[in-house]
Structures are given as C-alpha cells and as structure tokens.
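Residue-level structure breakdown
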Amino acid sequence: MATDLEDIVEHMRRFAWPDYLVFVSMLMLCILIGVYFGFVQRKPNTESEYLMGGRTMMVFPIALSLIASFISGITLLGLPTEVYSFGIQYVYVALGVTLMGFVMGFIYLPVFHKLNITSTYEYLETRFDRRLRMFGSIMFTIMNIGYLPIVIYVPALAFNQVTGVNIHVITPIVCIVCVFYTCVGGLKAVVWTDVVQTFSMFGALVLVAVKGTIDLGGSDVVFRSAWNTGRLERPNFDINPTTRHTFWSQLIGGFVYWLQTNAVSQNMIQRYLSLPSVAAGRRALWIFVFGVCLLMSLCSYCGLLIYATYQNCDPLTTKLARAKDQLLPLFVMDILRDLPGLPGLFVAGVFSAALSSLSTCLNSMSAVILEDFVKPFVHKPLSQRTVNWIMRSVVVGVGALCAALVFVVEKMGTVLQLTMSLEAITNGPLLGTFTIGILIPWVESRSALTGGIFGVIFMSWLSLKAQYWVATGTIVFPHKPMSVDGCTYEFDRSLANATSTSVYTTDDIFPLFRVSYMWYTFLGAAVTILVSLLCSVLIFGRQDPKTVSPDLMAGFVRRYIHGPDVPSVQGNARVVVLTPNAYGKNGKTSHESAL
C-alpha cells in the first residue's frame, strides 16, 4: 500500500532515549579526557606541553589521532554516497595514499623532524624568508576557516535526519564540548579523545556493514548487484584528464593531494613532530596509511550495501534523503530503528569524526597564530602566562567563529562547493612551495613567493570557474543506473526526469575547466614550481645551493649538493637558520658554529 513520503520520513525518526544516552556519553567522555589532562595529570603548563605533548607522545595513539583527524564526517557520509552514485573508481586512491607514505617518510618527514619546529611554516622562513612564512600561514588559516564550519554542519545534517533536531541546536553544543577539552587539555587531550573517536568511527561502520549485510542475505548479494550495474569495476586507464576518476587521477592526483594534506599541513605534521624520533614518525605514518585505507574500504562497502538495499527505489531521486550526505543516516535508521541504542552509536561515530577534525584544526590554529602571527612581531619574549592566554583564546575564538559560520553554510548551498574550491586553491601552491624548499635549493625566496602567488591566482581562476559551471548544471557527471520503479510510497515523479536548465553544453566549456578535481592539487603545485623555476632563470637569478643549510634539504639532495660527509644536526637540537644565507662557506650553520 502506497504511503506518503513525509510519513516515511517521520516513521524513521525513532531516536529513543537509549540513543541519546549513547550520544551524550560520547560527549561526556571527551569532556572527562580534557579534565584529566588539564587538571588531574599535572604537567608543566608550557607551550611545548600544550601544543606538542612535550614531544614524547606514543606512536599508536598518534597514529589513531592522525586517522581521526583526517577522516571527518564529510568522508564518513560522503564516500558511501560517492560509491552509491558513481561506483568504486574513487577507491583506487588507496594506491596514491600508499605512494604518499613512501615519499613522505623518506623525503619530507626527516626534514621537519630534524628542525624541531612547532609551526610547519617556520620552515619557510628558515629556508626562504619571513614573507614566505606569512604566505604559508595565511593560506593555512584561510583554508581552515572555510573548512571548519562544514566539518560540523555535515554531521549536524545527519543528526537532523535521524532526530529532527534543528542543526543550530546541536552544533553549538558540539562546538562547546570540543573547545572545552581542546582548550583545557591541549594536544594530549586532543590525541586521546581521537583514540576513543577512532574506535567509535570503526565500530559504527562495522555495525552498519554487518547488520545491513545480514538483512540482505549475505555479501554475495551486495557484490552481485554492484557488479551488474557497473559499480564494482576495474581501474579505468583512460588518460583523458577530464574523466572524473581514472587510475591515473587516483594514483598521481590522489598521491599529490594526500601528500599536501599529510606531509606539509600543520594539522598533520604537528602530530608527527610530537613523537620523539623520525623512526617513530614513520611507524605512525604507516599505521595511518593502513587505517585510512581500511576505513575507506568500509565506507565503500557501505555504499555498495546501500545500493543493494535501495536499487529499486533511489532515495536521492525521490527526496527521501533530501541531501546526499543524509543517505547513510537514512539507511542506518532504516535498518537499526528497532534496535534502541545502535542508531545513537552510529551518530556518535559520525560526530566523533567531526570532533576529531575540529579539535585538530583548533589546536593547530593556536600553534600557527602564536608562532607565525604573534611571536615574529613582538620585540621581547612572551611570558608563559601570555602564551597560555593566547593559545587558549585562539581555540575559543576560532571555535565560536566555526559555530557562527554554520549559519552561512546553511543559507548558501553553493558555499559547500565554494569551500572545497578554496581547499584546492591553497593546497597546491603550499605543496609546491615546500617542495621547492626541500628539493630545489637553487630557487631563492623572491622566485618561490612569485610562484606561490601565481599558483594561488591560477587555482582561484580554475577552481572557482569550474565550480560555477558545476553549480549551474552545465558540467554534469553521469551517475550509475538508478531506479524508482519499485517504490512503495508516493513522491513527485517529475523529480526523476529533472534535467539541467543551462543554455550551455559541456562541449561549450573550455577543456581546462572540465579537468577532474582530483588533478587540482597537482596542477596548483606544478604551476607554482614551474613559475618559480622560470623566475629563477629569467628574472631573479639562481641561488647558490651551497648557501642553503643541508638540514633544510631532502637527504639525497643534500648528498648531491654538499657531498656524503656533511654533518647534520641530529636529535632534539634546534636548527636556527634565520636566512637562507646563514649557512656559510665554512660548511657550518650559525647554530653549529656556536656549538
């Protein structure tokens, strides 16, 4: 018997008191962890302790924190929808993630760890000058402020789907909890809450996968329906860069994207630098690679599972799920609504992903603001009380701004696409700038800054213009087969036949704007490096590589420039190289000469 769509939606909103209890328990546990590290475990209240955990953190908690920090609610909710709509072609990005592990572990990580820095962007001043440091810090700040509201908004949509609670009721509560434990407990509280949240994320996905598979009658049903509709597919070796996902875009484009977010972003590097050695950092890196690949596999399987369940009545077409990010929550309430407490466990897992990403960004922002925007401009050392006040004020201020910007994200639907474009605008030029510093020692500061600025301008033009064409419906990515023939409830059938109203066609658009988004970070980095090299050759001239401290280069570059016997500062000694020319002709840094 046919049922009205609204009745179905209300019927699925059975978030009972056990579910609220599970969700609130997760928030309370985060608060208690913050209280423990802030008040019970009495450690010296220093900058290093607050931002870096005293640089004595353990490998496994840091590795789980890295996984939780990178995997946000956007990934947990977005990846199943991606696989549901387009198939598993995206999942081959795991090859790029693995390649990133090798490159980061042997090229980028040893350089940062050796310098014993707090802010990643200190490297840019050490290698180039203060202008490059400010460039990197500003790009990082812009990216985070644009990204944070979405981190909270997307899981709030999921909460709204299963409970009906307004997003502006839940987002301030979650932000206050996150700000509290980050502000009070510092990095250690962030890391240990991330550990709890990582297990919560994995537990929620395993629960959904197992229960959904049992209801369908086994995994063979899932894979058969996926294979028959082309969702379970071999790698696409098409070399056309405008194809949305190919083997090459996932391997090369994915490698470059993950390299930027993991190897040079303050959000991630700060955790690696809290470990006592490079070897410990590499172990954490490979646990991170394995954990992320496993989590993506679970999310992808859930996407196939959702399709096998709704293959005859697509909830996105009927608007049973009003937004794409509500597809997985809809599925969860469908299969778990008669099991009190389990929907709450799933929602707790989604918000765990959001809290971990938010707390990581807040902690990293406090480090960047203090190290890059305050310390370089004061003429005398700051007292410990002033440092503590600044770090905690940044956490509170950015957290409040995040909660406020949720209103903007909600009212302007295209802001979601716009913010992802901002990420592409900053990621590529930042990776290009760091790569120049570590691998190309004959490029000096003016050339690197010109390349970085040009890269930002180019990526702004490319990504914003491309997103405009996507938003207007001119660039359309064809979905895998969908059907509404088996629906047992009434809905607006005209929605199933809706088409784009754009007066343009895809062929009318300049090919560069049709390039897959997976290539954006690669393009931004490539343009930055290319322009920097051209400026070195044609305008500003080459820098003598021997004037660059060997500790600022990758190992194989250092051996090529300075020979195999040049000493390198090891351990926890901090390299102080204030300008590129501080490395003198005698083969010693100013710091080493003082020693």
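Everything quoted here is computed from the prediction, not taken from an experiment.

A tally of helices and strands in the protein chain yields 22 helices and two strands. Relative to its full complement of 595 residues, the protein chain shows a buried share of 60%. In the protein chain, of all internal contacts separated by at least 6 residues, the share reaching a separation of at least 24 is 85%.

Further remarks concern helix α4 (residues 59-70). Given a rise of 1.5 Å per residue, twelve residues ought to cover 16 Å, and the 17 Å separating the end C-alpha atoms of α4 matches this to within 8%. Buried residues dominate α4, accounting for eleven of its twelve residues. Taken together, the buried positions of α4 are Val59, Pro61, Ile62, Ala63, Leu64, Ser65, Leu66, Ile67, Ala68, Ser69 and Phe70.

The next point concerns helix α9 (residues 167-216). End to end, α9 covers just 32 Å across 50 residues, shorter than the expected 74 Å (1.5 Å per residue, more than 12% under). The largest bend in α9 amounts to roughly 130 degrees and is located at Gly186. A large share of α9 lies buried, amounting to 35 of its 50 residues. At the N-terminal boundary of α9, the capping side chain belongs to Asn166, with an oxygen 2.7 Å from the backbone nitrogen of His168. Downstream of α9 by a residue or two, Gly217 has a phi angle that is positive, lying close to 105 degrees.

Turning next to the confidence of the model for the protein chain. Residues at a pLDDT of 70 or more form 87% of the protein chain, whose mean pLDDT is 82. Taken element by element, the predicted model of the protein chain shows its lowest mean pLDDT in helix α22 (residues 590-594) (32) and its highest in helix α20 (residues 520-538) (95). Ignoring residues within four places in sequence, the model shows residues 413-417, a span with pLDDT below 50, making ten contacts including any to other chains. Contacts of residues 569-595 to residues separated by more than four positions or lying in other chains number 52 contacts, the stretch itself having pLDDT below 50.

Considering the arrangement of structural elements, one finds Asn236 in the loop between α10 (219-228) and α11 (247-264). On a C-alpha basis, the gap between Asn236 and Trp248 in space is 8.3 Å, while along the polypeptide they are twelve residues apart. Those residues in contact with Asn236 that lie beyond four places of it in its chain are Gln89, Thr243, His245, Thr246 and Phe247.

In total, this model carries one disulfide according to the counting rule given. Free cysteine: Cys30, not disulfide-bonded; nearest cysteine sulfur from Cys178 at 8.1 Å.

Overall, the coordinates contain ten salt bridges when judged by the stated rule. A salt bridge links Arg244 to Glu82; the nearest nitrogen and oxygen atoms lie 2.8 Å apart. Here Arg244, found in the loop between α10 and α11, pairs with Glu82, found in helix α5 (residues 73-86); they are 162 residues apart in sequence, far enough to count as distant. For Arg244, a relative accessible area of 17% puts it in the buried group. For Glu82, a relative accessible area of 10% puts it in the buried group. We note a salt bridge from Arg131 to Asp129, for which the minimum N-O separation is 2.8 Å.

What the rule picks out here adds up to 19 aromatic pairs. Measuring from centroid to centroid gives 6.0 Å for Phe237 and Trp248, while their planes differ by 65 degrees, and the two rings are edge-to-face. With Phe237 in the loop between α10 and α11 and Trp248 in helix α11, this pair connects stretches of sequence that are eleven residues apart. Relative to Trp248, the ring of Phe247 lies with its centre 4.9 Å away and its plane at 85 degrees, an arrangement referred to as edge-to-face.

Considering the arrangement of structural elements, one finds Asn267 in helix α12 (residues 266-272). Judged by its relative accessible area of 11%, Asn267 is buried. Those residues in contact with Asn267, other than ones at most four positions away along the chain, are Phe140, Asn144, Thr360, Cys361 and Ser364.

This part takes up the nonpolar core. Ranked by size, the top nonpolar core spans 187 residues in total, and within it Met100, Met104, Tyr108, Phe112, Tyr123, Tyr272 and Phe288 carry the most contacts. If you count residues domain by domain, this core takes at least three from each of domain 1 (9-411) and domain 2 (413-479 + 510-543). Non-local contacts of Met100, meaning those with residues more than four positions away in its chain, are made with Phe255, Trp258, Leu259, Asn262, Leu285, Phe288 and Val289.

This part covers unusual backbone geometry. Positive phi, normally seen in glycine, also occurs at Asn116, with a value near 60 degrees. Turning to its location among the elements, Asn116 is positioned in the loop between α6 (93-115) and α7 (122-127). Positive phi outside glycine occurs at Lys319, with the angle close to 70 degrees. Relative to the assigned elements, Lys319 resides in the loop between α14 (315-318) and α15 (327-336).

Our focus in this paragraph is the packing of helix α8 (residues 130-163) against α9. Across the interface, α8 lies against α9 with an axial gap of 9 Å and an inter-helix angle of 130 degrees. Judged by the inter-axis angle, α8 sits oblique to α9. When the axes of α8 and α9 are compared, the crossing they make is right-handed. Listed contacts from α9 to Ile152, Tyr153, Ala156, Leu157, Phe159 and Asn160 of α8 are Ile167, Ile170, Thr171, Val174 and Cys175.

On to a nonpolar patch on the surface. Judged by side-chain polarity, Phe237, Ile239, Trp248, Ile252 and Phe522 come together as a nonpolar surface patch covering roughly 490 Å² of accessible area. Within the secondary structure, Phe522 is located in helix α20. By relative accessible area, Phe522 is classed as partly exposed at 32%.

Criteria and cut-off values
- Residues numbered from 1 in each chain as written.
- Predicted model: local features only at pLDDT ≥ 70, side-chain atom pairs only at ≥ 80, totals over all residues.
- Heavy atoms only, no water.
- Helix = DSSP H or I, 4+ residues; strand = E, 2+ residues; numbered from the N terminus.
- Buried < 20%, exposed > 50% of the residue type's maximum accessible area, 1.4 Å probe, protein only.
- Contact = heavy atoms within 4.5 Å.
- Expected span 1.5 Å × (residues − 1).
- Bend = angle between axes of the 7 residues up to and from the residue.
- Polar contact = N/O pair within 3.5 Å; in protein donor to acceptor, adjacent residues only side chain to side chain.
- pLDDT = per-residue confidence, 0-100.
- Disulfide = S-S within 2.5 Å.
- Salt bridge = Lys/Arg side-chain N within 4 Å of Asp/Glu carboxyl O.
- Phe/Tyr/Trp six-rings, centres within 6.5 Å; stacked < 30°, edge-to-face > 60°.
- Core = buried A, V, L, I, M, F, W, Y, C linked by side-chain atoms within 4.5 Å.
- Domains from an automatic or database assignment.
- Axes fitted to C-alpha atoms, helices over the stretch in contact; angles between N-to-C directions.
- Parallel < 35°, antiparallel > 145°, perpendicular 65-115°, else oblique.
- Left-handed = near helix turned anticlockwise from the far one by under 90°.
- Patch = residues over 30% accessible without salt bridge, like charges linked within 9 Å, V, L, I, M, F, W, Y side chains within 5 Å.
- Areas by Shrake-Rupley, 256 points an atom, 1.4 Å probe, with all protein chains shown as cover.

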